[in-house]
Amino acid sequence: MRELVKELKSGELLPSEHLEEVIEKIEEREPRLNAFISLDVEGARERAKELDKLVRSGRASGLLFGLVLAVKDNIAVEGMRLTCASRMLENYVSPFSATAVERLVREGAIVIGKTNMDEFACGSSGETSYFGPTRNPWDEERVPGGSSSGSAVAVAAGMSDLSLGSDTGGSIRNPASFTGVFGFKPTYNLVSRYGLVDLAMSLDVIGPFSPDADGIALSMEVMAGPDGRDAGVQRSLSFLETFDAFDPEGVRVGWGEGFLEGVEEPVRRHFERFLNVLDSIGAELVELRVPPMEKVWPLYYLIMYPEFASAMQRYNGLTYGLRGEGSNLYEVIADARGKGFGREVKRRIILGTYLSMERYEKSFHERGVKLRRGLRAEVKKLFEEVDFLTSPTVPFLPFRLGERLDDPVKMYAADALTVLANLTGIPAINVPFGREGRLPVGMQLMGRWFEDDRLVAMARFLEGRG
Ligand code: GLN
């Protein structure tokens, strides 16, 4: 990615020439793929022209100079619609930009549009959007994964150079795996969440998609670090410096059967190849007793549902959202919520409310929080023995549209291997690794808290090795 920025800065390829190439790709593929909810082609053209002028006068600067950026539609971009792919926010326009977006734009990125997603980021397939499903660019009858479906597809199909997604339980890594790109979930509290619409605030993070590991390091260099508007973020890291200096020789990588239960055959086979490649680049493989993910992933739902139900209270047709009708306040709210939300969102609001009731709180939510603490301690122990952990990213291949939509438990199984990183807060990346026919396969690497820079640097050595 840094090579492309160099070309754009030197005038070898002018920002507007590059932008036109991207727009051509969008015109060709977007009508089928449905990766965007809003496009701002004219705004992008204007900005590219300004950048051209800077090149001509020898004043081009910025780490992301002239790169085209797509942003998930639950992250605020000033003056653009922010719908969360919900009818509830169909016409809501954001009055400010998220810190992450602001920083990328300040370094020269051009925002081309807002991407399609599962409604309020609830889903693993990109199918629950009010604006219709996104399709997988490698097989249009299959899902691209979710919930950051459009952001993954935009990068995979060349409709943007980089994109942003959010990851609460796997929503960056899962679609990255299904579409064959890098997708990175940073350590919780490394990137400001200011301007991100909550799904479950103790789990949510913003992170990038890129066709190469270099683009992940580059965008993280810019986004990571303290922000006065999100006091939780206190630390910063030097991604590019680590990226250029890292040596994988002797690095210890752990894996275990607990990460492989329920993993379907073609994916398992590719994972074995992945272990061989790790060995061939000098990593030391360590088989560990890891927590069984089949038993761990339901915990994610125990924690996420109540947080989600609570975050959704503001969409009532009064504070935010579609205006309902009725003769009293309750009818107005009920009508707005009845018309405004899709099935999966309603299911989660109802279940989350139920779990938050006083009579269930002790047995469910409180227990969930306790189990989560235990899991954290267990993972900390594992990282005393190894530098990284690895598993496949999703237990199965991209499935057909509609195949899992009516069966939430089957759909939720897609998150089995990704939720561990959210529940514990550790960083994790999807590395595209091999194909089954045309369909991409992805492998996951997880690292210690705030060793994100080393994790991304490690991923680079596995690039193109599938
Ligand atoms: N698929 C998970 C869910 O439905 C993850 C969502 C996410 O990471 N935003 O909750």
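Notes on the structure in this doc start here. These numbers were taken from a predicted model, which means no experiment stands behind them.

### Considering unusual backbone geometry
Peptide bonds are trans in most cases, and residues, glycine excluded, mostly fall at negative phi.
Thought 1: G146 connects to S147 through a cis peptide bond whose omega is 10°.
Thought 2: Located in the positive-phi region is A85, a residue other than glycine, with phi close to 55°.
Thought 3: Structurally, A85 can be placed in the loop between β2 (68–72) and α4 (99–106).
Thought 4: Residue classification places A85 among the buried residues on the basis of a relative accessible area of 0%.
Thought 5: Positive phi values are uncommon outside glycine, yet F450 reaches one of about 60°.
Thought 6: Relative to the assigned elements, F450 resides in the loop between β11 (439–447) and α16 (452–460).

### What to know about the site of the ligand
Thought 1: The local shell around the ligand holds 16 residues, among which S124, G169, S171, Y300 and R348 are the closest.
Thought 2: G123 places a polar main-chain atom, nitrogen or oxygen, 3.0 Å from an oxygen atom of the ligand.
Thought 3: Bound to the protein, the ligand loses 100% of the 290 Å² it would expose on its own.
Thought 4: With 3 residues, helix α10 (residues 293–311) is the largest single contributor of residues to the shell around the ligand.
Thought 5: Of the residues belonging to the shell around the ligand, the class tally is 6 nonpolar, 7 polar and 3 charged.

### Quick look at the pattern of salt bridges
Thought 1: Here the structure, examined in full by the defined rule, presents 26 salt bridges.
Thought 2: Its salt-bridge partner being E344, residue R348 comes within 2.7 Å of it at the nearest N-O pair. With R348 and E344 both in helix α12 (residues 343–356), this residue pair falls 4 residues apart, about one helical turn.
Thought 3: Of the residues examined, R348 reaches a relative accessible area of 2% and is grouped as buried.

### Focus: the packing of helix α7 (residues 213–223) against α16
Thought 1: One can describe the packing of α7 onto α16 by two numbers: an axis separation of 8 Å at closest approach and a directional angle of 160°. Regarding the angle of α7 to α16, the classification is roughly antiparallel. Crossing angle aside, the handedness with which α7 passes α16 is left-handed. Contacts from A213, I216 and A217 of α7 reach α16 at V456, A459 and R460.
Thought 2: Its residues assigned to classes, the contact of α7 with α16 shows 5 nonpolar, no polar and 1 charged.

### A few points about helix α11 (residues 329–340)
Thought 1: Counted at 1.5 Å a residue, the expected span for α11 with its 12 residues is 16 Å, and the 16 Å between its end C-alpha atoms agrees.
Thought 2: What α11 keeps buried is the set V332, A336, R337 and G340. For α11, the angular spread of the buried residues around the axis is 120°, confining them to a single face.
Thought 3: Those residues of α11 hidden inside the fold are in contact with α12.
Thought 4: The N-capping residue of α11, defined by a side-chain oxygen 3.0 Å from the backbone nitrogen of Y330, is N328.

### Comments concerning the environment of Y188
Thought 1: Relative to the helices and strands, Y188 resides in the loop between β5 (182–185) and β6 (205–210).
Thought 2: The class of Y188 is partly exposed, set by a relative accessible area of 21%.
Thought 3: Filtering out sequence-adjacent residues up to four positions away, Y188 remains in contact with R193, M201, S202, L203, D204, V205, G425 and F450.
Thought 4: In this structure the side chain of Y188 is engaged in a polar contact, spanning 3.2 Å, whose partner is the side chain of R193.

### Re the packing of α10 against α12
Two quantities define a packed helix pair, namely the angle between the helix axes and the distance between the axes.
Thought 1: Across the interface, α10 lies against α12 with an axial gap of 7 Å and an inter-helix angle of 100°. Comparing the axis directions of α10 and α12 gives the class roughly perpendicular. Taken together, the residues of α12 that come into contact with α10 (itself represented by Y301, L302, M304, Y305, P306, F308 and A309) are V345, R348, I349, L351, G352, T353, L355 and S356.

### Let's talk about the sheet that holds strand β9 (residues 388–392)
Thought 1: Spatial strand order, β1-β3-β2-β4-β6-β5-β10-β11-β9-β7-β8: 11 strands in an open sheet with mixed pairing. Two strands in the sheet have a free side with no partner beyond their single neighbour: β1 (36–39) and β8 (284–287). Going across the sheet, the axis of each strand differs from the next one's by a mean of 30°, ignoring polarity.
Thought 2: Relative to β6, β5 is paired through 2 bridges, and the arrangement is antiparallel.

### As for the side chain of S163
Thought 1: Within the element layout of this structure, S163 appears in strand β4 (residues 162–167).
Thought 2: A polar contact of 2.8 Å, which involves the side chain of S163, links it to the backbone oxygen of S151.
Thought 3: Not counting residues up to four positions away in its chain, the partners in contact with S163 are L69, A70, S151, A152, V155, G207, P208 and F209.

### A short note on the packing of aromatic side chains
Thought 1: Under the definition given, this model contains 18 aromatic pairs.
Thought 2: Taking 6.0 Å as the distance between ring centres and 85° as the angle between the ring planes, the aromatic pair formed by F178 and F399 counts as edge-to-face. Taken together, the positions of F178 in helix α6 (residues 173–179) and F399 in the loop between β9 and α14 (408–412) put the pair 221 residues apart, joining distant regions of the chain.
Thought 3: Residue class for F178 comes out buried when judged on its relative accessible area of 1%.
Thought 4: Across the ring face of F461, the terminal group of R460 is positioned such that the distance to the ring centre comes to 5.6 Å.

### Here we look at the pairing of β11
Look at any regular strand and the pattern is simple: side chains alternate between the two faces of the sheet.
Thought 1: The buried count for β11 comes to 9 of 9 residues, which makes it a mostly enclosed element.
Thought 2: Where β9 and β11 come together, 5 bridges link them in antiparallel fashion. Considered in β11, the bridge of P392 is made with M443.
Thought 3: As defined by bridge partners, strand β10 (residues 428–436) adjoins β11 across 7 bridges and the pair is classed as antiparallel. Directly across from P432, in β11, lies its bridge partner G442.
Thought 4: Taking the residues between adjacent antiparallel strands as the criterion, β10 and β11 are bridged by 2 residues, where G437 takes a positive phi near 65°.

The rules behind the values
- Residues numbered from 1 in each chain as written.
- Predicted model: local features only at pLDDT ≥ 70, side-chain atom pairs only at ≥ 80, totals over all residues.
- Heavy atoms only, no water.
- Helix = DSSP H or I, 4+ residues; strand = E, 2+ residues; numbered from the N terminus.
- Buried < 20%, exposed > 50% of the residue type's maximum accessible area, 1.4 Å probe, protein only.
- Near = heavy atom within 4 Å.
- Polar contact = N/O pair within 3.5 Å; in protein donor to acceptor, adjacent residues only side chain to side chain.
- Areas by Shrake-Rupley, 256 points an atom, 1.4 Å probe, with all protein chains shown as cover.
- Nonpolar A, V, L, I, M, F, W, Y, C, P; charged D, E, K, R; others polar.
- Salt bridge = Lys/Arg side-chain N within 4 Å of Asp/Glu carboxyl O.
- Axes fitted to C-alpha atoms, helices over the stretch in contact; angles between N-to-C directions.
- Parallel < 35°, antiparallel > 145°, perpendicular 65-115°, else oblique.
- Left-handed = near helix turned anticlockwise from the far one by under 90°.
- Contact = heavy atoms within 4.5 Å.
- Expected span 1.5 Å × (residues − 1).
- Arc of directions from axis to C-beta.
- Pairing = 2+ DSSP bridges.
- Phe/Tyr/Trp six-rings, centres within 6.5 Å; stacked < 30°, edge-to-face > 60°.
- Lys NZ or Arg CZ within 6 Å of the ring centre and 35° of its normal.

Any link to function would need more than the numbers given here.
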